Amino acid sequence: TKQKRCRGKQKPKQNILMLKVDKYKHLGGYVNENRKLIVEAKHREQKATTAYVGLQALLGSPWVTMNKKKLLVQSMINSRLCLNVHTWSEFANAARSRINSVYMKCWQRIVND
């Protein structure tokens, strides 16, 4: 684009190009064009599952107390699942089931071993 010299109080015209994207990552969370929370729920599910995989041995260990296991789940899993969830305007069933599945998987691991 060519720029023109400003004379007096005139401002140069700018061509601004904006791209439309399906989802946008902002401050660690995802925002999508139709404001559905499933994209954010999938992202949280992935982060919590990654943390769960690293904790599986500890959660199933008979040498770790139940109290320590609860603290591990609260700090490592729930923090990823529930961070700023109070700001969600709608909590659809699909988003809720994704978050609950990881949460319940952790508690099943603790109780069954």
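Residues numbered from 1 in each chain as written. Predicted model: local features only at pLDDT ≥ 70, side-chain atom pairs only at ≥ 80, totals over all residues. Heavy atoms only, no water.

## Points about a nonpolar patch on the surface
Working step 1: Taken together, the side chains of Leu17, Leu19 and Val21 present a nonpolar region at the surface, about 370 Å² in accessible area.
Working step 2: When you line up the elements, Val21 lands in the segment before β1 (23-26). (Patch = residues over 30% accessible without salt bridge, like charges linked within 9 Å, V, L, I, M, F, W, Y side chains within 5 Å. Areas by Shrake-Rupley, 256 points an atom, 1.4 Å probe, with all protein chains shown as cover. Salt bridge = Lys/Arg side-chain N within 4 Å of Asp/Glu carboxyl O. Helix = DSSP H or I, 4+ residues; strand = E, 2+ residues; numbered from the N terminus.)

## Let's talk about the environment of Lys25
Working step 1: Tracing the chain through its elements places Lys25 in strand β1.
Working step 2: Given a relative accessible area of 46%, Lys25 falls into the partly exposed group.
Working step 3: With 15 residues separating them along the chain, Lys25 and Glu40 place their C-alpha atoms 9.3 Å apart.
Working step 4: Setting aside anything within four residues of it in sequence, one finds Lys25 in contact with Tyr30 and His43. (Buried < 20%, exposed > 50% of the residue type's maximum accessible area, 1.4 Å probe, protein only. Contact = heavy atoms within 4.5 Å.)

## Quick notes on the packing of aromatic side chains
Working step 1: In the structure shown here, the tally under the stated rule is 1 aromatic pair.
Working step 2: Measuring from ring centre to ring centre gives 6.2 Å for Tyr103 and Trp107, while their planes differ by 70 degrees; the resulting arrangement is edge-to-face. Residue Tyr103 and its partner Trp107 are both found in helix α3 (residues 93-112); the two are separated by 4 residues, about one turn of the helix.
Working step 3: Residue classification places Tyr103 among the partly exposed positions, given a relative accessible area of 30%. (Phe/Tyr/Trp six-rings, centres within 6.5 Å; stacked < 30°, edge-to-face > 60°.)

## With respect to helix α1 (residues 38-59)
Working step 1: If you look at α1, its biggest bend is around 40 degrees, right at Val53.
Working step 2: All of the buried residues in α1 are Glu40, Ala41, His43, Arg44, Glu45, Ala48, Ala51, Tyr52, Leu55 and Leu59. (Bend = angle between axes of the 7 residues up to and from the residue.)

## Topic: the packing of α1 against α3
Working step 1: Where α1 contacts α3, the two axes come as close as 9 Å, and the packing angle between them is 5 degrees. With respect to each other, α1 and α3 are oriented roughly parallel. For the pair α1 and α3, contact is made by Ile38, Ala41, Lys42, Arg44, Glu45, Ala48, Thr49, Tyr52, Gln56 and Leu59 and by Ala94, Ala95, Arg98, Ile99, Ser101, Val102, Lys105, Cys106, Arg109 and Ile110, respectively. (Axes fitted to C-alpha atoms, helices over the stretch in contact; angles between N-to-C directions. Parallel < 35°, antiparallel > 145°, perpendicular 65-115°, else oblique.)

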